[in-house]
Amino acid sequence: MAAYDVLIIGGGNLGLWTAYHLAKRGVQRIAVCERYWAGYGATMRSAGIMRQQGGSETAVKLGKWSRELYQQLGAELGVDSGFREVGYYVVASSPMEKAVFQRLVELRTANGVPNEWLEPEELRQRVPYVDWSRFVGATYTPTDGYVEPAIVMRNIVMAARARGVELFEQCEVRAIEPLQSGYRVETSRGVFEAERIVNAGGPRGARRIGELLGIDVPVAASRHMVVSFPERPVEMPPAFPMMFVLASGFYLRPDEQGVLLGFSNPLEQADPSDRFLLEFDWNYFERLRPEWEATIPSLAGKTIGRAWTGSIDYTPDQLPIIDEPRFGFYVLAAGGHGIMWGPGLGMKMAELIVEERVSELPAEEIRLSRFAEGQLAADAIHLPFPH
């Protein structure tokens, strides 16, 4: 029977970055159990947005750390990091949003993220292909960008394995039994024992893994949709800055020679299936079309090159979970931001395991008990998720 110091359940961005950071800290026997293949679930279906312009202290810090960690890992491996810095405009559609956004500029700059508020007049000069008459302004961070999910997943698998992490794919966890010291884990690839377990099961596993030990982990899955236009309008430069229209729930970024558009339906309900590949909602796409075509008129009528869906994990307040609800059993969830925060979340989970504390993040924004206590945190900048 294989025995480990730490067994991580979930081989997506969160689980693999946790394994990597643990190995860097000197933990010797680390294993990752993945039900499918590394990165197969939510990670590889992500649009790869990397935004430091969070709506809470935790969101800002995790975005900043993760951006830096992606680049550091590329340098460590001697390969491309997968990160593309193009800048990001988060757009306000109402005076109420404007007031919130302007307050958030102070929070971000206080935490080392360059951020500014811009009025429509200046935005017209900077980004002339957008119809800014529809909006009241935007915040902007020049160091935001996006990652290519396939590249960052390649890198973290390489890095974790190079540091001795064992990766078990096609390894579904079926049962967890507490022992006098540690846990016994029954999987489709045999039985393992571990002193500690990390539940990084993502949108299709975190809640189920928690239930095996009677722990409620309020993580659910929501459908997210992405389309890519193979050709961008001539008015848009190749590395055009990304933009997120918060009130309408859609964003745009460069994609090869074209434009990627991601969006979520605010009326979407939690998806109870166990699937990552979900039906594309073309009816909602057509309802949303007037919004993004009015925002960037030159996108109207562009041919779609590909379209796909993904299952995003989310928590009731769209913030993460970094906690140890039972001795030796840890819960790590991204609150809908697995690619955006994965490196930073893995770093903080490793800190919790090794040092028995999480520094620099407000406890009320990361502890699991906040949900049972009804003391939810607040983050103003996120995609629309089910209530």
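All chains use their own residue numbering, which begins from 1 and follows the written sequence. Predicted model: local features are reported for residues with pLDDT of at least 70 only, side-chain atom pairs are reported and counted for 80 or more only, and whole-chain, interface and lining totals are derived from all residues. Only hydrogens and water are removed before side-chain values are computed, so all heavy atoms of the structure are retained for them.

Under the annotation held in an unreviewed UniProt entry, the protein carries the name FAD-binding oxidoreductase and is attributed to Thermomicrobium roseum.

With that settled, consider helix α3 (residues 95-110). By definition, any uninterrupted DSSP run of H or I lasting at least four residues is a helix, any uninterrupted run of E lasting at least two residues is a strand, and each is numbered from the N terminus. One less than the residue count of a helix, multiplied by 1.5 Å, gives the span that helix is expected to have. Compared with an ideal rise of 1.5 Å per residue, which puts 16 residues at 22 Å, α3 spans 23 Å between its outermost C-alpha atoms and is within 8% of the ideal. Under the scheme applied here, a residue whose accessible area is under 20% of the maximum for its type counts as buried, over 50% as exposed, and between as partly exposed, the area being computed with a 1.4 Å probe on protein chains only. By the burial criterion, the buried members of α3 are E97, F101, L104, V105 and R108. Mapping the buried residues of α3 onto a view down its axis gives an arc of 125°, with all of them on the same face. Of the residues in α3, the exposed ones pointing more than 90 degrees away from the buried face are P95, M96, R103, E106 and A110. Taken from the helix axis, the directions to the C-beta atoms give the arc we talk about.

Now for the sheet that holds strand β17 (residues 306-314). Strand order in the open sheet formed by eight strands is β6-β7-β5-β14-β15-β16-β13-β17, and the pairing between neighbours is mixed. The open sheet has two free edges, formed respectively by β6 (116-118) and β17, since each of these has just one partner strand. Each neighbouring strand pair of the sheet contributes to a mean axis angle of 25°, computed without reference to strand direction. Along the sheet face, α3 touches β5 (88-92), β6 and β7 (137-141) and points at about 145° away from the line of β5. Note on contacts: a residue pair qualifies if any of its non-hydrogen atoms lie within 4.5 Å across the two residues. Helix axes use the C-alpha atoms of the stretch in contact, all axes being lines fitted to C-alpha atoms, and the angles between their N-to-C directions lie in the range 0 to 180 degrees. Across the sheet, helix α7 (residues 282-295) is in contact with β13 (220-229), β14 (242-245), β15 (250-255), β16 (258-263) and β17; its angle to β16 comes to roughly 120°. In this analysis, strands are considered paired if DSSP registers two or more bridges between them.

A side-chain nitrogen of Lys or Arg and a carboxyl oxygen of Asp or Glu constitute a salt bridge if their distance falls within 4 Å. Throughout the structure, instances matching the rule amount to 27 salt bridges. Between E122 and R126 there is a salt bridge, with the nearest N and O atoms lying 3.2 Å from each other. With a gap of four residues between them, E122 and R126 both fall in helix α4 (residues 120-126), about one helical turn apart. Its relative accessible area of 37% is what places E122 among the partly exposed residues. Within this structure, R25, E355 and R357 form a network of salt bridges that share partners.

Let's shift gears to the nonpolar core. Core analysis: the largest hydrophobic core is formed by 71 residues, its most contacted members being I8, V198 and Y251. Domain start and stop positions are those given by an automatic or database domain assignment. Shared between two domains, this core takes at least three residues from each, and those domains are domain 1 (2-43 + 148-217 + 315-371) and domain 2 (84-144 + 218-312). Not counting the four nearest positions on each side in its chain, I8 is found in contact with G15, T18, A19, L22, I30, A31, V32, C33, V198 and A200. Among buried residues, those of type Ala, Val, Leu, Ile, Met, Phe, Trp, Tyr and Cys that are joined through side-chain atoms within 4.5 Å constitute a nonpolar core. Core analysis: the next-biggest nonpolar cluster, separate from the first, contains 30 residues, F240, V259, L261 and W292 among them.

What follows is about the UniProt feature "domain: FAD dependent oxidoreductase" (unreviewed entry) in the protein. Within this structure's numbering, the places UniProt gives as "domain: FAD dependent oxidoreductase" (unreviewed entry) are residues 5-352. Secondary structure content for residues 5-352 is 30% helix and 29% strand, and the end C-alpha separation is 14 Å. UniProt positions are given in the numbering used here, feature names are shortened, and annotations may be inferred rather than shown by experiment.

Here the protein is partitioned into domain 1 (2-43 + 148-217 + 315-371) and domain 2 (84-144 + 218-312). Contacts between the two partners involve 19 residues from domain 1 and, on the opposite side, 14 residues from domain 2. Buried surface at the junction of domain 1 and domain 2, summed over both partners, amounts to about 1300 Å²; 58% is from carbon and sulfur atoms. Here the buried area means the combined drop in accessible surface, using a 1.4 Å probe, for two parts upon being joined, counting both sides. Contact with domain 2 buries surface across domain 1, with E148, P203 and R204 losing the most and accounting together for 47% of the total. Between domain 1 and domain 2 we count two salt bridges in total. Residue D274 is joined to R35 by a salt bridge in which the shortest nitrogen-to-oxygen separation is 2.7 Å. Pairing of N or O atoms within 3.5 Å defines a polar contact, subject to two protein rules: one partner must be a possible hydrogen donor and the other a possible acceptor, and residues neighboring in sequence count only if both atoms are side-chain atoms. In this assembly, domain 1 and domain 2 are joined by seven residue pairs in polar contact (both at pLDDT 80 or more). By residue class, the composition of the side of domain 1 that touches domain 2 is ten nonpolar, four polar and five charged. Each residue is assigned to one of three groups, with Ala, Val, Leu, Ile, Met, Phe, Trp, Tyr, Cys and Pro labelled nonpolar, Asp, Glu, Lys and Arg labelled charged, and all others, Gly among them, labelled polar.

Within the secondary structure, S228 sits in strand β13. At a separation of 2.4 Å, a polar atom in the side chain of S228 contacts the side chain of D255. Setting aside its immediate chain neighbours within four residues, S228 contacts D255, V259, L260, I304, G305 and R306.

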